[in-house]
Amino acid sequence: MQLISFEACPVTRPYWWSLSTENLKATRLRLLQVSLFSGALLLIGSFSALWFISASLESFFWFAPTVRWGLLIFAGLGLLIVFSRFVLLPVLINAGLLSGAENEDACQENRPFVS
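Just so it is clear, the model here is predicted, and its values are computed rather than measured.

Procedures and definitions
- The numbers attached to residues start from 1 for each chain and follow its sequence in the written order.
- Only residues with pLDDT of at least 70 are given local features in this predicted model, and only at 80 or more are side-chain atom pairs given and counted; all residues enter the totals for whole chains, interfaces and linings.
- Hydrogens and water are ignored here; the side-chain numbers use all heavy atoms of the structure.
- Secondary structure counts use DSSP, requiring at least four H or I residues in a row for a helix and at least two E residues in a row for a strand, with both numbered from the N terminus.
- Each residue is placed in one exposure class: buried if its accessible area under a 1.4 Å probe, protein chains only, is under 20% of its type's maximum, exposed if it is over 50%, and partly exposed if it falls in between.
- Side-chain rings of Phe, Tyr and Trp, where Trp is taken by its six-membered ring, are said to pair if the distance between their centres is within 6.5 Å; with planes under 30 degrees apart they count as stacked, over 60 as edge-to-face, and otherwise as tilted.
- Any Lys NZ or Arg CZ found within 6 Å of a ring centre and within 35 degrees of that ring's normal is scored as a charge over the ring.
- Salt bridges are counted wherever a side-chain nitrogen of Lys or Arg sits within 4 Å of a carboxyl oxygen of Asp or Glu.
- Patches here are clusters of residues that have more than 30% relative accessible area and form no salt bridge, with a 9 Å joining cutoff for like charges and a 5 Å cutoff for nonpolar side chains (Val, Leu, Ile, Met, Phe, Trp, Tyr).
- Surface accessibility in these figures is a Shrake-Rupley result with a 1.4 Å probe; residues are shielded only by whichever protein chains are displayed.
- Each residue after the first adds 1.5 Å to the expected span of a helix.
- By definition, residues are in contact when any of their heavy atoms lie within 4.5 Å.

A word on the overall build of the protein chain. From N to C terminus, the protein chain includes 3 helices and 0 strands. Helices (α) and strands (β) of the protein chain occur, in sequence order from the N terminus, as α-α-α. Out of the 115 residues in the protein chain, the part that is buried amounts to 10%.

This is the structure in C-alpha cells:
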C-alpha cells in the first residue's frame, strides 16, 4: 500500500486570494506614496520655516560667525531628523530593511469605517 504524498500536489488557492493579495500590495504602495508625499511637503515646509527664522534672527541680531555656524548646524540637524523620520523611514520599511506592519495589521489599520 502506497501512501499519498501531498507535497507533489500543487496547492491551489482560491481566486479571491490572489485578488486580495494584489489589493493589499496596491494599498501598501499607495500608503507609501502618500507617506512620501506628506514627508516631502513637511520637509519643504520645515526648510522654509527654518530659513525664514534663521534669516530673521540674523537680520535682527547680527550674529557672530560662530553663532551663525551653530544656527546652520542646528537647522541642518533638524532637517536631517525630519528627513529621516518622514521620508527615509517609510522607504526602508517598504524595502523590507526595517520591520513594519504585517499584512494583517495593514488590513486592520486601513479598513474603511462602515456604519
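Further notes follow.
Let's shift gears to the packing of aromatic side chains. Going through the model one piece at a time under the given rule, you end up with 2 aromatic pairs. Their ring planes at 45° and their centres at 5.8 Å tell us that F47 and W51 sit as a pair that is tilted. With F47 and W51 both in helix 1 (residues 15–61) and 4 residues apart, the pair spans about one turn of that helix. Pairing F61 with F63 gives two aromatic rings, centres 5.8 Å apart and planes at 25°, and the pair type is stacked. On the basis of relative accessibility, which here comes to 53%, the residue F61 falls in the exposed class. Sitting over the face of the ring of F86, R85 holds its NZ or CZ atom 5.0 Å from the ring centroid.

Applying the stated rule across the entire model yields 1 salt bridge. Ionic pairing is found between R68 and E58, a salt bridge with its closest N-O pair at 3.3 Å. Highlighted residues: R68 in helix 2 (residues 65–95) and E58 in helix 1, separated in sequence by 10 residues.

A cluster of nonpolar side chains, namely I73, L77, L80, F83 and L88, defines an oily patch on the protein surface of about 450 Å² accessible area. By secondary structure assignment, the location of L77 is in helix 2.

The end-to-end C-alpha separation of helix 2 is 42 Å, in line with the 45 Å expected for 31 residues at 1.5 Å each. Within the sequence span of helix 2, burial applies to A75, L79, V82, V87 and P90. Of the residues one or two after helix 2, G96 is the one with positive phi, at around 90°.

Attention shifts here to the environment of F86. Along the chain, F86 falls in helix 2. Each residue touching F86, except ones within four places of it in the same chain, is listed here: S35, G39 and L42.

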